[in-house]
Amino acid sequence: MKRILYAVAVLCVAALPAAAGSDQQTQQMPEKMSEKTRGCISCHRRYTPGIVADWLASRHARTTVADALKQEPLARRVSTGTAPDGMADVVVGCYECHSLNGGKHADNFNHFGNTKINVIVTPADCASCHPEEREQYGRSKKAHAYGNLMANPVYHRLADIITGVKDYKDGKLVTAEPTLTTRMETCLGCHGTKIEVRGIKDVEPAGFQITAKVPDIVGWPNQGVGRINPDGSMGSCTTCHARHSFSIKMARDPHTCAQCHLEPDVPAYEVYEEGKHGNIWATFKTDWNFTNVPWVPGRDFRAPVCATCHNSLMTTADGEVIARRTHDFGSRLWVRLFGLPYSHPQPKHGDTTVIKSKDGLPLPTALTGEPATDGTLIDVAEQARRQKDMKGICSMCHSTAWVNGHFAKMDATVKETDAMTLTSTKMLLDAWGKGIADNGGLKDPALLFDEAIEQQWAEHWLFYSNAIRYSSAMTGAPDMAAFKLGWWRYLRNLSDMQDRMKFHKK
Amino acid sequence: MKRILYAVAVLCVAALPAAAGSDQQTQQMPEKMSEKTRGCISCHRRYTPGIVADWLASRHARTTVADALKQEPLARRVSTGTAPDGMADVVVGCYECHSLNGGKHADNFNHFGNTKINVIVTPADCASCHPEEREQYGRSKKAHAYGNLMANPVYHRLADIITGVKDYKDGKLVTAEPTLTTRMETCLGCHGTKIEVRGIKDVEPAGFQITAKVPDIVGWPNQGVGRINPDGSMGSCTTCHARHSFSIKMARDPHTCAQCHLEPDVPAYEVYEEGKHGNIWATFKTDWNFTNVPWVPGRDFRAPVCATCHNSLMTTADGEVIARRTHDFGSRLWVRLFGLPYSHPQPKHGDTTVIKSKDGLPLPTALTGEPATDGTLIDVAEQARRQKDMKGICSMCHSTAWVNGHFAKMDATVKETDAMTLTSTKMLLDAWGKGIADNGGLKDPALLFDEAIEQQWAEHWLFYSNAIRYSSAMTGAPDMAAFKLGWWRYLRNLSDMQDRMKFHKK
Amino acid sequence: MKRILYAVAVLCVAALPAAAGSDQQTQQMPEKMSEKTRGCISCHRRYTPGIVADWLASRHARTTVADALKQEPLARRVSTGTAPDGMADVVVGCYECHSLNGGKHADNFNHFGNTKINVIVTPADCASCHPEEREQYGRSKKAHAYGNLMANPVYHRLADIITGVKDYKDGKLVTAEPTLTTRMETCLGCHGTKIEVRGIKDVEPAGFQITAKVPDIVGWPNQGVGRINPDGSMGSCTTCHARHSFSIKMARDPHTCAQCHLEPDVPAYEVYEEGKHGNIWATFKTDWNFTNVPWVPGRDFRAPVCATCHNSLMTTADGEVIARRTHDFGSRLWVRLFGLPYSHPQPKHGDTTVIKSKDGLPLPTALTGEPATDGTLIDVAEQARRQKDMKGICSMCHSTAWVNGHFAKMDATVKETDAMTLTSTKMLLDAWGKGIADNGGLKDPALLFDEAIEQQWAEHWLFYSNAIRYSSAMTGAPDMAAFKLGWWRYLRNLSDMQDRMKFHKK
């Protein structure tokens, strides 16, 4: 009888994860916890039970590094060859991660006098077991997102005039320097903050009669993709593998990308949701498996999500590799579609501050659209190679003629949106030339983006060109491309800019 | 063998609700129905089978009040001490609810000559078993939402100019008094209608060869939160516990709050969905349990939904209370963030018509932002107490330093958005002062909000200040706060107001 | 023991589909495949494994037509009386569909020299087993969506000025003829393309060392509802029954309708999601059954989705028919709410190019709102009949008084939105009359919609009137109707048009 009931349980349990594709697991304490981690949990299961529960639901709580290394290469989720010291035979718990490389961490502190730990676990720490992922990520624009924004005078100027508190004095708007708090909730919410440790401070946990000494950290809390960490490393794994569940299911869920890639400036999620791929996903996703490694199109899912095309390791059911895993998010892409007035070949490296346009701007294209020729962007051959590889992914479900037709259409749309940005630019240049708007000879950044017509120009490319290109790239989002943030907005914007110039002249 | 199969069934059934977190149940008729309810259902299972199915899926259809009272106090879903007359040993069916307090109900009628029932079941009726919930709700701003809008001259004026049909005559826009139908589909869709019974009328049910006499009700159908009911009570339980399933799962689902708390004026749902909490919810929600009482963070869910922070009874896995249940929706909050130009301390009572600002407006702040000092808002000590309690909820998953950092950031953002509202106000005052716009000396409400620049001022606080404060309060929605309805819109709006003033003067 | 385990398996399997309501099936090859289809799959499981997996998950892969015909009439998913030649005893595989009516298909080609197939399977092909569905669809506005847009001079003009690339020359905007690629990503993304075959071309499948000869097709890929197919037929079944899973679950999922019926011009999905029906759906949908035929309200679902009111066959639990299945999407509707300035009775036929207004425009209403009286619209009696039938659907869950109240409210709102369109029209006529805007005496279509104030007029009805009517029709979406795209936008738009006229005159 026992064996029968056991078989029953196995059947039920085996059936459920298949249906739910879930990371959810029991909340039992793992046997193979380190003594140090056991100590952490003995307090934290009362103090922050949500974190502990999150961790108990994670793969980290039920796998030792030694076991992880026993997996077949393609199924392996660690990229190290050997387990870090002392971590081979214990599950990956609190202490295993929060104690790493303490000497490099400005946020290392003595926790209640008996344990030295870091507040923030960084990509450099995760690299103990995941070195390839960290190395790839380090090359990505995401890792460099803080500097790419804050060290580029044009972007910095745009960010500052947007987020600085304004006052109205003597009929004029005056913009103050943005505060760190507002930067953290806007630009740096996605780009990441620069973390600084000011010293040690006392905190009094709610509901406990104690005082704890903890590092006093500036720019925290933050999970932006390009966070500058207290050990000097760049990036944040928790942006996508959130909190203590470190879930691949979450990283593969489009809602995760949608934390930052949203209307109106980067409407990737809305475009995806509107299109056929998103439609199939929305209908069937609860039946799919978002945790398998490698990931098998057809078997595990039947329409791509973001990670399918941009990141994940995929094989056929027979184990043939379709695409290798990458955490360098732009590395499968040949053309850069968003965030800038004109499209251009992808930068060679994630640090884009080195790029200079022909007309001397710190941008990948000139004001009239020509891509930089300073060797910082990938060449035509590399563009072709990447597009070909991407076609290989599409070809899992689409015929060659279908795929070729799709990319030819996208190429045409990229050109048309560049032409439409140029039209808006010509109008702005006309307004500047006629003294209708004032750019200070492009010498005083404070005079850029401060007038309504200059802001309309920015919306032209930042909102509308982006939205249309995304719709094209993701095989279609007709309402987005036509009315919501697309061609209708182009028309409205240009007509309104024209009226505005007329009214200013009168 | 039988026992084995029984065990199998138990295992399967036990497993499924855990996976689905579902209220869904069989559609079998309960044994313990009252005779009266059995009568209702004998016709209505043919006439309105959807309602009957909805009820059969509910807890009301499978629980007697006597059984409900046997639960441990923390697990109890009723707050009465004793079952109402005749209801102890039957499930809570049609007649049990629709026959209550008939003498007070203007909508009480004789249904086919043999049963006196009410059309509308009100909070006063639900209070038969749920008196605490009704009492709490009665103190909330939600319960007073009808009067707070319709009896406040400023809000009423704003509502009227928005929803009145306009005509264009002799080059001028003329606004008619709004119709009840349009009020019901806009403001009163959320705020609730004032229900009035005009008499009795005949109706002919589709597909049946009968005529029925039923009350002729004005302002119906409506499920707004502050509905004035035909028994004089205020509110509508069905706003959140919709229709006849009376589901706690639905009340805890963010989509329920999103019926009213949406872009552009109250973008709570969009902010939640964009942020990390919403991201975790979207990824894992099908694995969570939304019906357990008490609700245990970590065990039942791993990221907060709206109800977690605002309403639900929560305990640790060991039964320690983290937060008590409340149906007074503002009672955990210290600062009021939305719906008004400036933030201010929460009102002491849900009826906000009693509040007067320093400058004599029926608003909680003066036109230049100072909170009312007439004793109608909570004091600093109460604000501190509530913020501390909220920190206790956050602390289930976040460290003290993290939580303190979050709230310090929010405090700063609330101040900045108030400053940004003031800047827009200064510009409007300048336009009024210079005769560019006409406010009739603030004496004729018909001259408020009727000009484009006045409407831009309203958008400044009603859309943008709200959206930024929500993004801050809910730990981040960077696209919302930066571009969608945030700081970019502030800049665009002020620049456009400035141009408009210039064009008017020319 | 075996029997016990079998029972266990049955229980588990029986339980899961009920919970998931899923089409998902095993990925095992069906036994009853035709030899031809077996040939297709032997290559395509390597070449396009996603398509094969999609098909394996479909009902087509596990049902022969003979078996499908054995179903009780109401449960039948085929409407043919007899199986097409050779298809009775095999599952419906690649060759069964792609080989049909080859002589009529301009896209018929010899695939690798041994099999003649068509690239595109059309409604005329699907009609082999589903003739009623095709016939109904053929009468719908969806089937005629290409011609209704492209052969109507007013709509065509609007589409062209929106989607044509613009240049700025000598202070003027110049609009080029739109490209086919941009048309495909905007208007024709939903309306469908006109497919043309130019000949045969070579393609080189990614990852394979071969060259294949395939038809060179213009206007492809496309899944618009009114696609003109290479066999001359109109429409695309894959718009809603996407790709190779041919899923009824997908066709019934609101996300499917949301591919085209989205903000800002057709905000059906957003209105649905915001309303009570959408709220219940979002909360409980994973517990519902979206595949049963016939579909039983209460048993299979507890709130309507799009298909409930517009398309699906529904019966009571006792098998009484509530509504018959239709693929003529407008045939249950009495009034046409969207896409045009004013509401009007539904057209009698899906081809709307035959309609002429009183003032001679190719529109169903005059510029001032009077419906066409040329006999192309349904009459009052037919309108009444359809509204009565719709009430029958609502009555599954709502009382007669409730339903009557809802439709009276909707009738009033339709009239008010027509009045609001007229107000905006009066303003535009005034602007034209005063020479503030130029319509070229309505003789040169190039002068329509090219000025900002004309575009504001278009937004008035295309965005705001539509959104408010949808909100009303779907029982309420108060934020949409009040602020997002509703009465607030009406007010803002009219006030801004008024200012614009003033600034132009100065």
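First, a word on what this report is: a plain description of the structure on this page. None of these values were measured; they are calculated from a predicted model. (Residues numbered from 1 in each chain as written. Chains lettered and ligands numbered in written order. Predicted model: local features only at pLDDT ≥ 70, side-chain atom pairs only at ≥ 80, totals over all residues. Heavy atoms only, no water.)

**Points about the environment of K116 of chain A**
Residue and element names in this part refer to chain A. Examined against the element boundaries, K116 turns out to sit in strand β2 (residues 115–118). Looking at K116, the relative accessible area reads 51%, which means it is exposed. Separated by 16 residues in the primary sequence, K116 and L100 have C-alpha atoms spaced 9.7 Å apart. Not counting the four nearest positions on each side in its chain, K116 is found in contact with Y95, S99, N108, F109 and N110. (Helix = DSSP H or I, 4+ residues; strand = E, 2+ residues; numbered from the N terminus. Buried < 20%, exposed > 50% of the residue type's maximum accessible area, 1.4 Å probe, protein only. Contact = heavy atoms within 4.5 Å.)

**Describing the relation of the copies chain B and chain A**
Once chain B is rotated about the relating axis by 120° and shifted along it by 0.0 Å, it coincides with chain A to within an RMSD of 0.0 Å. With respect to symmetry, the two chain copies, as superposed, fit the operation of a three-fold axis. The rotation axis passes nearest to the C-alpha of F503 of chain B in chain B, at a distance of 3.6 Å. The two copies present different faces, since only 11% of the interface residues in chain B are matched by interface residues at the equivalent positions in chain A. (Least-squares fit on C-alpha atoms with pLDDT ≥ 70 in both.)

**Observations regarding the side chain of D54 of chain C**
All names here are of chain C. Take D54: it is sitting in helix α3 (residues 49–56). The class for D54 is buried, based on a relative accessible area of 7%. A polar contact is formed between the side chain of D54 and the backbone nitrogen of H244, at a distance of 3.1 Å. (Polar contact = N/O pair within 3.5 Å; in protein donor to acceptor, adjacent residues only side chain to side chain.)

**Here's the deal with the relation of the copies chain B and chain C**
Expressed as a screw operation, the relation of chain B to chain C combines 0.0 Å of axial shift with a rotation of 120°, fitting to an RMSD of 0.0 Å. The overlap is low: 8% of the interface residues of chain B also sit at the interface in chain C, so different surfaces are used on the two sides.

**A few points about the interface of chain B and chain C**
If you look at the interface, chain B gives 85 residues, while chain C gives 66 residues. Taken over both partners, the interface formed by chain B and chain C buries close to 6,500 Å², and the fraction arising from carbon and sulfur atoms is 61%. The largest contributions to the chain B side of the interface with chain C come from I162, Y168 and E185 of chain B, which together make up 12% of the buried area. Counting the contacts that link chain B with chain C gives nine salt bridges. For D496 of chain C, the salt bridge identified is with R500 of chain B, shortest N-O distance 2.5 Å. Applying the counting criterion to the chain B and chain C interface returns 31 residue pairs in polar contact (both at pLDDT 80 or more). (Buried area = accessible area lost by both parts, 1.4 Å probe. Salt bridge = Lys/Arg side-chain N within 4 Å of Asp/Glu carboxyl O.)

**Comments concerning the packing of aromatic side chains**
Taken as a whole and assessed by the stated rule, the structure comprises 48 aromatic pairs over all chains. The interplanar angle of 55° and the centroid separation of 6.0 Å between the aromatic rings of F483 of chain A and W488 of chain A together place this pair among those described as tilted. Measuring from ring centre to ring centre gives 6.1 Å for F463 of chain B and W488 of chain C, while their planes differ by 75°; the resulting arrangement is edge-to-face. Highlighted residues: F463 of chain B in helix α19 (residues 452–473) and W488 of chain C in helix α21 (residues 487–505), drawn from two different chains. By the ring-pair criterion, three or more aromatic residues cluster together here, those being W288, F290, W295 and F301 of chain A. Stacked on the ring of F329 of chain B, the Lys or Arg K142 of chain B has its end atom at 4.4 Å from the ring centre. (Phe/Tyr/Trp six-rings, centres within 6.5 Å; stacked < 30°, edge-to-face > 60°. Lys NZ or Arg CZ within 6 Å of the ring centre and 35° of its normal.)

**Re the nonpolar core**
Note on soluble globular proteins: their nonpolar side chains tend to be buried together. Counting 118 residues, the largest nonpolar core has I162 and W488 of chain A, I162 and W488 of chain B together with I162 and W488 of chain C as its most contacted members. Ignoring sequence-local partners within four residues, the contact set of I162 of chain A consists of A482, F483, W487, W488 and L491 of chain B. Core analysis: the next-biggest nonpolar cluster, separate from the first, contains 32 residues, V305, I322 and M410 of chain A together with A242 of chain C among them. (Core = buried A, V, L, I, M, F, W, Y, C linked by side-chain atoms within 4.5 Å.)

**A short note on the state of the cysteines**
Counted by the stated rule, this structure contains three disulfides over all chains. The disulfide partner of C190 of chain B is C260 of chain B, and the S-S distance across this bridge is 2.3 Å. For the disulfide bridge between C190 of chain B and C260 of chain B, the dihedral angle about the S-S bond is near -105°, and by the sign convention the bridge is left-handed. Note that C190 of chain B is positioned in helix α11 (residues 187–191) and C260 of chain B in the loop between α13 (254–257) and α14 (268–274), a separation of 70 residues in sequence. Unpaired in terms of disulfides, C187 of chain A finds its nearest cysteine sulfur in C190 of chain A, a separation of 9.0 Å. According to the relative accessible area criterion, C187 of chain A is buried, its value standing at 18%. Cysteine C397 of chain A shares no disulfide, and the gap to the nearest cysteine sulfur, in C394 of chain A, comes to 9.3 Å. (Disulfide = S-S within 2.5 Å.)

**A closer look at the pattern of salt bridges**
Any two side chains of opposite charge can pair, so long as their charged atoms come close to each other. Enumeration according to the criterion identifies 82 salt bridges over all chains in this entry. Here K249 of chain C and D287 of chain A are joined by a salt bridge, their closest N and O atoms 3.7 Å apart. Of this pair, K249 of chain C sits in helix α12 (residues 248–251) while D287 of chain A is found in the loop between α15 (276–284) and α16 (306–310), placing the two residues in two different chains. For D287 of chain A, a relative accessible area of 9% gives the class buried. Each of D496, D499 and R500 of chain A, D496, D499 and R500 of chain B together with D496, D499 and R500 of chain C takes part in one network of salt bridges that share partners.

**Remarks on the interface of chain B and chain A**
If you look at the interface, chain B gives 66 residues, while chain A gives 85 residues. Summing both partners gives a buried area of about 6,500 Å² for chain B against chain A, and 61% of it is carried by carbon and sulfur. When the buried area of chain B at its contact with chain A is split by residue, K276, R302 and W488 of chain B rank highest and sum to 10% of it. The tally of links from chain B across to chain A stands at nine salt bridges.

**Examining the pairing of strand β2 (residues 115–118) of chain B**
Residue and element names in this part refer to chain B. As defined by bridge partners, strand β1 (residues 108–111) adjoins β2 across four bridges and the pair is classed as antiparallel. Note that in β2 the partner of H111 across the bridge is T115. Taking the residues between adjacent antiparallel strands as the criterion, β1 and β2 are bridged by three residues, where F112 takes a positive phi near 55°. (Pairing = 2+ DSSP bridges.)

**Observations concerning α3 of chain C**
Residues and elements named next belong to chain C. Burial runs high along α3: eight of the eight residues are buried. When α3 is considered as a whole, its buried residues turn out to be P49, G50, I51, V52, A53, D54, W55 and L56. At its buried positions, α3 is contacted by α2 (35–47).

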